[in-house]
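Overview (structure and organization)
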Protein chains: 2
Amino acid sequence: MSNNRLVRFIKRPAGKPTPDIFEIDEEPLRELGPGEFLARNCYLSMDPALVGRMRDESNYAGQVNPGDTMQAYGISQVIASRNSKVKVGTVLLGLCGMQQYIISDDSDGFSKINLGLADATAYLSAVGITGATAYFGLLDIGKPRAGETLLISAGASSVGSITAQIGKSLGLRTVAIVSSDDKAEQVKRDWGYDAAVSYRGKSIEQLSADLAEACPHGVDIYYDNTSGDISEAVLDHFNDHARHVVIGRLGISHLNNTRDDTGRRDNNTILAKRIRKQGMVLLDYKPKMRAAVLQLAKWLRQGDIQVQQDVLEGIDRCPEAFFRMLSGDSQGKQLVKLADINPAADPTPLWPGRLLTQRWFPTDKLAQLLAR
Amino acid sequence: MSNNRLVRFIKRPAGKPTPDIFEIDEEPLRELGPGEFLARNCYLSMDPALVGRMRDESNYAGQVNPGDTMQAYGISQVIASRNSKVKVGTVLLGLCGMQQYIISDDSDGFSKINLGLADATAYLSAVGITGATAYFGLLDIGKPRAGETLLISAGASSVGSITAQIGKSLGLRTVAIVSSDDKAEQVKRDWGYDAAVSYRGKSIEQLSADLAEACPHGVDIYYDNTSGDISEAVLDHFNDHARHVVIGRLGISHLNNTRDDTGRRDNNTILAKRIRKQGMVLLDYKPKMRAAVLQLAKWLRQGDIQVQQDVLEGIDRCPEAFFRMLSGDSQGKQLVKLADINPAADPTPLWPGRLLTQRWFPTDKLAQLLAR
């Protein structure tokens, strides 16, 4: 048996994570015990939410502790199994860790994915958590009607870009808030935004003025990935009966100390404009997830949704990929490829296979990760 | 013909209104012109929203100007008519003014009321704007389920007390936020609140601690009549999927300068708890108003809803009643009685009369008044 090369988390970051929190290591793969299976990790997903797991919070089961293999979600293919529920060749989605192989006895902690519906890596973006977050936030909370204006903060993000493309295919006018003028041009080109506004270096008043120009008919749906000052500038532009979908990413770091999140209250605007402001956590949508993924896969096949992937190769490049993602330099969804998937070995029937009638996506853990 | 005694608005208040803004006056009633009708005002309603009309805001058609008869909504009975749409004896709801008689040619500005459904004065509270605000805010936005906790700020107000009683009859646990400990005791006695908390003199943290005790199972619906610091203390106590109904009364004065309304942002809590926060303006519910009033009248007849009225008699006591209302000293809905209604003279068929199939309640103007 070969060795398992991995990224070890060696110390908690003081403030922003720095490269010295990781160390590349290698250890021999042990024999499988009863009920265990061994899977080869093929793709790992670099997610901002992983930072939250590095913090020292007692009682939080999901945290990663110094000495542990660094956590990461990914796609893995089973190569040996002593678990009757997990067949060799099966392709799984779950918490694989930043390592070449994973040994587990927790078949419930992983979801089988169906390669007939979409490519494996799509399960880490458009037909995964990212796509579902866009889908439910926009459709279930946003309740879009053709011709309305959809404003998206962090409009260049994975969630933002998919939300914009869904919106576009539904006949909405789409407007992005992004971090720079260059990015504003880029998102119009790449994701079909009708307009885009940069927030960097602007006061709330300046951003508000730019939004007025970008949204001449006001804002009907605000897909809010950021909260904070950016959202404050949006307050001025809501139409009557607008929907403010709170997805939150940046603000999320304040979750344990919400008193820090200060600024203008929005009750007056919410009342005068009869706005519906509502939080969205993917975990709540488990019962509807299957339908969403089918629709997302369909849009993806039709080209209505496109995704950019930024793929580095090899386990040793995980730290580089991780910090690339954190710094915002990734050109699309940041992945690390460790091995090829072998679709021929997958015993799972392809589309429209039986997996569509099984519990298969996503696990609670996966959804909770997003919510942090 | 007799004289018309009235309250004249003689100068705009500098800051809080003071008694010297009013003057009692009297003028002869003139003859009716073609299309006009004359009605005797029977009950006048003292409403906080009238203060907003005293301000000097150009372009606001509803404002009252120095020299005008002071505005007030009320119940009036037609005693002479040269308008084919308005029969003598008809009982009307509308902007009657603080005066004994009103002459108008605007039959659309008034709504006929049906004395078979409820007493005339009930149309100024439980089956009027107040009741409908409680009804739609709680039912349509709050979406209550039996056993949930309903928290109401300004819990002793007309809207608050009716909301609480509707909630109680639907099997909710009801908790009030009020201005003093005495009032806390009183609202438990009068409106059946399960618990009540006073905010006066307390920090946000103290109020939050008291709310924790009053709402041991958290808050599922927050019927928010106040906004501001009180709402901030409530943030800590929302349950997952709570509904925050923004009715707004105090905060409403900031409508033209929302940047003044500062404090903690609630996006983090809205996201983590998946709260739905939504503004309610009665004007939006015109198509559903008839059903609401029928239900409210039914609750009133059954005793599920009770209203307290604080009635002073005579036109000369209008200023006293107005400031009594403003100071919070009124024991229930503040009315001024000017004359008896004569139900026998009313040509309107009683319940279930044809009026229920007519446009009859409320006028746009009436609803807008509430929204200010």
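Here the structure is a predicted model, which is why all the values come from computation and not from measurement. (Residues numbered from 1 in each chain as written. Chains lettered and ligands numbered in written order. Predicted model: local features only at pLDDT ≥ 70, side-chain atom pairs only at ≥ 80, totals over all residues. Heavy atoms only, no water.)

**Some points on the overall build of chain A**
Selection criterion: Every helix listed is a DSSP run of H or I at least four residues long, and every strand listed is a run of E at least two residues long, numbered separately from the N terminus. Exposure classes here rest on a 1.4 Å probe applied to the protein chains alone. A residue is buried below 20% of its type maximum, exposed above 50%, and partly exposed in between. When checking whether two residues touch, look at their non-hydrogen atoms; a contact exists if any pair is within 4.5 Å. Each accessible area is a Shrake-Rupley result for a 1.4 Å probe, and residues are judged covered by the shown protein chains and nothing else.
Assigned secondary structure in chain A consists of nine helices and 16 strands. Buried positions account for 56% of the 372 residues belonging to chain A. In chain A, the share of contacts with a sequence separation of at least 24, taken over all contacts with a separation of at least 6, comes to 70%. Taken as a whole, chain A presents about 15,000 Å² of accessible surface, with 47% of it coming from carbon and sulfur.

**A word on the pattern of salt bridges**
Side-chain pairs of opposite charge can arise where the charged atoms are in close proximity. For clarity, the cut-off: What counts as a salt bridge is simple: a side-chain nitrogen of Lys or Arg found within 4 Å of a carboxyl oxygen of Asp or Glu.
Tallying each qualifying case throughout the model produces 40 salt bridges over all chains. Here Arg317 of chain B makes a salt bridge to Glu320 of chain B, at a shortest N to O gap of 3.0 Å. Given the relative accessible area of 33%, Arg317 of chain B is considered partly exposed. Residues participating in the shared-partner salt-bridge network are Asp266 and Lys277 of chain A together with Asp266 and Lys277 of chain B.

**Notes on empty space enclosed by the protein**
The criterion, for reference: For cavity detection a 1 Å grid was placed over the protein atoms alone, and a set of points counts as a cavity when a 1.4 Å probe fits there but cannot get out; an open set counts as a pocket when protein lies on both sides within 12 Å along at least five of seven lines, with lining residues being those that have an atom within 4 Å of a point. Grid points are joined across faces, edges and corners, and a volume is the space filled by probe spheres set on the points. Gly is put with the polar residues, along with every residue not named as nonpolar or charged; the nonpolar set is Ala, Val, Leu, Ile, Met, Phe, Trp, Tyr, Cys and Pro, and the charged set is Asp, Glu, Lys and Arg.
The tally for this structure, following the rule as stated, stands at two cavities of 30 Å³ or more. By volume, the largest cavity amounts to about 200 Å³. If you go around the largest cavity, you meet 21 residues; those closest to its centre are Arg265 and Asp266 of chain A together with Arg264, Arg265 and Asp266 of chain B. A class-by-class count of the residues in the lining of the largest cavity yields three nonpolar, eight polar and ten charged.

**Focus on unusual backbone geometry**
Excluding glycine, residues mostly have negative phi values, and the peptide bonds linking residues are mostly trans. Even without glycine at this site, Ala154 of chain A takes up a positive phi of about 50°. Positionally, Ala154 of chain A belongs in the loop between β8 (149-153) and α2 (158-169). Given the relative accessible area of 27%, Ala154 of chain A is considered partly exposed. The phi torsion at Lys143 of chain B lies on the positive side, around 45°, for a residue other than glycine. Tracing the sequence through the fold places Lys143 of chain B in the loop between α2 (129-141) and β8 (149-153).

**Topic: the side chain of Asn114 of chain A**
Operational definition: Within 3.5 Å is the distance limit for a polar contact, defined as a pair of N or O atoms, with the added protein rule that one can donate a hydrogen and the other accept it, and that residues adjacent in sequence qualify only through two side-chain atoms.
With respect to the helices and strands, Asn114 of chain A occurs in the loop between β7 (110-112) and α1 (129-141). There is a polar contact of 2.8 Å between the side chain of Asn114 of chain A and the backbone nitrogen of Gly116 of chain A.

**Details of the packing of aromatic side chains**
Residues and elements named next belong to chain A. Keep this limit in mind: Side-chain rings of Phe, Tyr and Trp (the six-membered ring for Trp) are treated as a pair once their centres are within 6.5 Å; stacked means planes under 30 degrees apart, edge-to-face means over 60, and tilted covers the remaining angles.
Overall, the coordinates contain 16 aromatic pairs over all chains when judged by the stated rule. Judged by centre distance (5.0 Å) and plane angle (85°), the rings of Tyr135 and Phe136 are edge-to-face. Note on Tyr135: relative accessible area 15%, which makes it buried. A residue is classified by how much of its surface remains accessible, and Phe136, at 3% relative accessible area, is buried. Taken together, the ring pairs connect Tyr135, Phe136, Tyr285 and Trp299 into an aromatic cluster.

**A word on the pairing of strand β5 (residues 91-95) of chain A**
All names here are of chain A. Defined as follows: Paired strands, as defined in this entry, are two strands with at least two bridges between them according to DSSP.
With four of its five residues buried, β5 lies for the most part within the structure. Bridging between strand β4 (residues 73-81) and β5 involves five bridges; their strand directions are antiparallel. Counterpart to Gly74 in the pairing with β5 is Gly94.

**Side note on the sheet that holds strand β9 (residues 173-178) of chain A**
Note the following rule: Lines fitted to C-alpha atoms define the axes here, with helix axes fitted over just the stretch in contact, and angles between the N-to-C directions of these axes take values from 0 to 180 degrees.
The twelve strands lie next to each other as β10(A)-β9(A)-β8(A)-β11(A)-β12(A)-β14(A)-β14(B)-β12(B)-β11(B)-β8(B)-β9(B)-β10(B), forming an open sheet whose pairing is mixed. With one partner strand each, in any of the chains shown, β10 (195-198) of chain A together with β10 (195-198) of chain B form the two edges of the open sheet. Neighbour to neighbour, the strand axes of the sheet diverge by 15° on average, direction disregarded. Running over the sheet, α2 of chain B touches β8, β11 (219-224), β12 (238-246) and β14 (276-279) of chain B and is turned about 150° from β11 of chain B. Each of β8, β9 (173-178) and β11 of chain B is contacted by helix α3 (residues 158-169) of chain B, which is oriented at about 170° to β8 of chain B, the strand it contacts most.

**Looking at the confidence of the model for chain A**
All names here are of chain A. Definition in use: For every residue, the pLDDT score states the predictor's confidence, bounded by 0 at the bottom and 100 at the top.
Scored by pLDDT, chain A has a mean of 87; 88% of the residues are at 70 or more. Between residues 250-259, whose pLDDT stays under 50, and residues either more than four places distant or in other chains, the model counts 23 contacts. Under a pLDDT of 50 for its full length, residues 352-372 has, in the predicted model, 63 contacts with residues more than four places off or in other chains. Of the two predicted TM-score estimates for the complex, the pTM is 0.83 and the ipTM is 0.78.

**Overview of helix α4 (residues 204-214) of chain A**
All names here are of chain A. The following threshold applies: Throughout, the arc means that of the directions going from the helix axis to the C-beta atoms.
Considered for burial, the residues of α4 that qualify are Ile204, Leu207, Ser208, Leu211 and Ala214. For α4, the buried positions fall inside an angular range of 120° around the axis, keeping them on one side. Close packing links the buried residues of α4 with β8, β9, β10 and α5 (228-234).

**Side note on the packing of α1 of chain A against helix α7 (residues 289-302) of chain A**
All names here are of chain A. Defined as follows: Roughly parallel means an angle under 35 degrees; roughly antiparallel, over 145; roughly perpendicular, 65 to 115; everything else is oblique.
Two elements in contact, α1 and α7, have axes whose closest approach is 10 Å; the angle formed by their N-to-C orientations is 105°. Comparing their axes, α7 and α1 come out roughly perpendicular. On α7, the residues touching Gly131, Ala132, Tyr135, Phe136 and Leu139 of α1 are Met289, Ala292, Gln295, Leu296 and Trp299. Looking at the contact of α1 with α7, its residues break down into eight nonpolar, two polar and no charged.

**A word on α7 of chain A**
All names here are of chain A. Applied cut-off: How far a helix is expected to stretch is found by multiplying one less than its residue total by 1.5 Å.
The terminal C-alpha atoms of α7 lie 20 Å apart, and with 14 residues this matches the ideal 20 Å at 1.5 Å per residue to within 8%. For α7, the set of buried residues is Met289, Ala292, Val293, Leu296, Ala297 and Trp299. Seen from one end, α7 has its buried residues packed into an arc of 160°, which puts them on one side. Those residues of α7 that are buried lie in contact with α1 and α2. One or two residues past the end of α7 sits Gly303, with phi positive at roughly 85°.

**A few points about the side chain of Ser45 of chain B**
Residues and elements named next belong to chain B. Residue position: Ser45 is located in strand β3 (residues 37-45). A distance of 3.0 Å separates a polar atom in the side chain of Ser45 from a polar atom in the side chain of Asp47. Apart from residues lying up to four places away in sequence, Ser45 is in contact with Leu50, Ala72, Tyr73, Gly74, Leu124, Lys333, Gln334 and Leu335.

**Notes on the packing of α2 of chain B against α3 of chain B**
All names here are of chain B. Selection rule: Take the far helix as the reference: if the near one is turned anticlockwise from it by less than a right angle, the crossing is left-handed, and if turned clockwise, right-handed.
Orientation of α2 relative to α3, taken along the N-to-C sense of each, is 50°, at an axis distance of 8 Å. Between α2 and α3, the angle is such that the two are oblique. Of the two elements, α2 crosses α3, and the hand of that crossing is right-handed. Counting all contacts with α2, which are made through Thr130, Gly131, Thr133, Ala134, Tyr135 and Leu138, the residues of α3 involved are Ser158, Val159, Ile162, Thr163, Ile166 and Gly167. Class assignment of the residues belonging to the contact of α2 with α3 gives a composition of six nonpolar, six polar and no charged.

**Quick look at the state of the cysteines**
Residue and element names in this part refer to chain B. Here is the rule: Working definition: a disulfide is two cysteine sulfur atoms within 2.5 Å of each other.
Applying the stated criterion across every chain, the model contains zero disulfides over all chains. Free cysteine Cys42: the closest other cysteine sulfur is in Cys96, separated by 8.5 Å. In this structure Cys42 comes out as buried when scored by relative accessible area, which is 0%.

**Thoughts on the environment of Leu95 of chain B**
Residues and elements named next belong to chain B. Position of Leu95 among the secondary structure elements: in strand β5 (residues 91-95). Leu95 gets classed as partly exposed once you look at its relative accessible area, which sits at 25%. With 51 residues separating them in the primary sequence, Leu95 and Leu44 have C-alpha atoms 9.2 Å apart.

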